[in-house]
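Secondary and tertiary structure notes
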Amino acid sequence: MAHTLYEYDGLCRNIHGHSYNLEVTLTGVPRNEPGHPKDGMVLDFSDLKEIVKSKIVNRFDHSLMVNNRIPDSQKELLRKTTERMIVVDFQPTSENIVAYIAEILQQHLPENVSLFSIRLYETVTAFAEWFASDNQ
Ligand SMILES: [Zn+2]
């Protein structure tokens with residue numbers, strides 16, 4: 001995904017992209033139903049994968065995320081260069097994006113599981129992490 005930081009005083013004010021890496025950790029009680037094919041699972045990994053893919057990856061991959069504060073004229077120009085622009089009401093830093101992702105995922109998880117944490121890597125060595133315990 002590409003992004004640009006509004007009025008930032010460094011290189012990241014220019015449009016650039018990252019191969020973001022997302023780690024999602026859930027908490028819940030494993031199913032205790034001996035003989036059931038999903039016995040011992042909190043959530044089938046494939047179900048989690050599907051939620052993350054459909055709600056996050058498919059939406060953000062190869063998109064350009066911009067802060068709503070950029071001038072409308074700039075938004076219009078950018079719309080001409082990409083079909084996948086996401087305008088958000090925040091500065092699209094990793095810290096803010098990870099909180100945004102948490103908000104989206106919380107709406108789509110089954111009732112018996114909840115988010116524990118989310119880690120979003122912007123590079124191999126730089127990440128922002130969100131913990132449910134800090135956001136209650
Ligand atoms: Zn960046």
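The shown structure was predicted, so the numbers you read here are calculated from the model rather than taken from an experiment.

Cut-offs and rules
- Residues numbered from 1 in each chain as written.
- Predicted model: local features only at pLDDT ≥ 70, side-chain atom pairs only at ≥ 80, totals over all residues.
- Heavy atoms only, no water.
- Helix = DSSP H or I, 4+ residues; strand = E, 2+ residues; numbered from the N terminus.
- Expected span 1.5 Å × (residues − 1).
- Bend = angle between axes of the 7 residues up to and from the residue.
- Buried < 20%, exposed > 50% of the residue type's maximum accessible area, 1.4 Å probe, protein only.
- Contact = heavy atoms within 4.5 Å.
- Pairing = 2+ DSSP bridges.
- Donors = N, O, S within 2.8 Å, 3.2 Å for Na, K, Ca; no water.
- Axes fitted to C-alpha atoms, helices over the stretch in contact; angles between N-to-C directions.
- Salt bridge = Lys/Arg side-chain N within 4 Å of Asp/Glu carboxyl O.

With that settled, consider helix H1 (residues 45-60). In this model, H1 (16 residues) spans 21 Å end to end at C-alpha, consistent with the 22 Å of a helix rising 1.5 Å per residue. Residue Lys 53 marks the point of greatest curvature in H1, where the axis turns by about 45°. All of the buried residues along H1 are Leu 48, Ile 51, Val 52, Ile 56 and Phe 60. Among the structural elements, strand S3 (21-28), strand S4 (64-67), strand S5 (85-88) and helix H3 (94-108) are those in contact with the buried residues of H1. Looking one or two residues past H1, His 62 carries a phi angle of roughly 60°, positive in sign.

Where burial is concerned, the two faces of strand S7 (residues 127-131) differ: the one with Ala 128 and Trp 130 is buried and the one with Phe 127, Glu 129 and Phe 131 is not. Sheet analysis places strand S6 (residues 113-121) next to S7, joined by five bridges and oriented antiparallel. Bridged to Leu 120 within S7 is Ala 128. In textbook terms, the turn of a hairpin is the stretch between consecutive antiparallel strands, and for S6 and S7 this stretch comprises five residues.

Looking at the zinc ion, the protein donor atoms are His 3 (NE2), His 16 (NE2) and His 18 (NE2), and they sit 2.0 Å from it. Expressed as a motif, the donor residue spacing for the zinc ion is H-x12-H-x1-H. Exposure remark for His 18: the relative accessible area of 16% places this residue in the buried category.

Right, let's talk about the sheet that holds S6 for a bit. Pairing in this open sheet of three strands is antiparallel, and the strands run S3-S6-S7 from one edge to the other. The open sheet has two edge strands with one neighbour each: S3 and S7. The average angle at which neighbouring strand axes cross in this sheet is 15°, direction not considered. When S3 meets S6, the two strands line up antiparallel, connected through eight bridges. Bridge pairing in S6 places Thr 25 opposite Ser 117. H3 rests against S3, S6 and S7 of the sheet, and its axis sits at about 155° to S6.

Structurally, Pro 71 is set in the loop between S4 and helix H2 (72-81). Distance from Pro 71 to Tyr 6, taken between C-alpha atoms, is 9.9 Å for residues 65 residues apart in sequence.

On inspection of all chains with the given rule, the structure shows six salt bridges. Where Arg 31 meets Glu 33, a salt bridge forms, and the shortest distance between an N and an O atom there is 2.9 Å. Linking Asp 44 and Lys 38 is a salt bridge whose minimum nitrogen-to-oxygen distance equals 3.2 Å. Residue Lys 38 is classed as partly exposed on the basis of its relative accessible area, which comes to 30%.

By themselves, these observations are geometric and do not establish any function.
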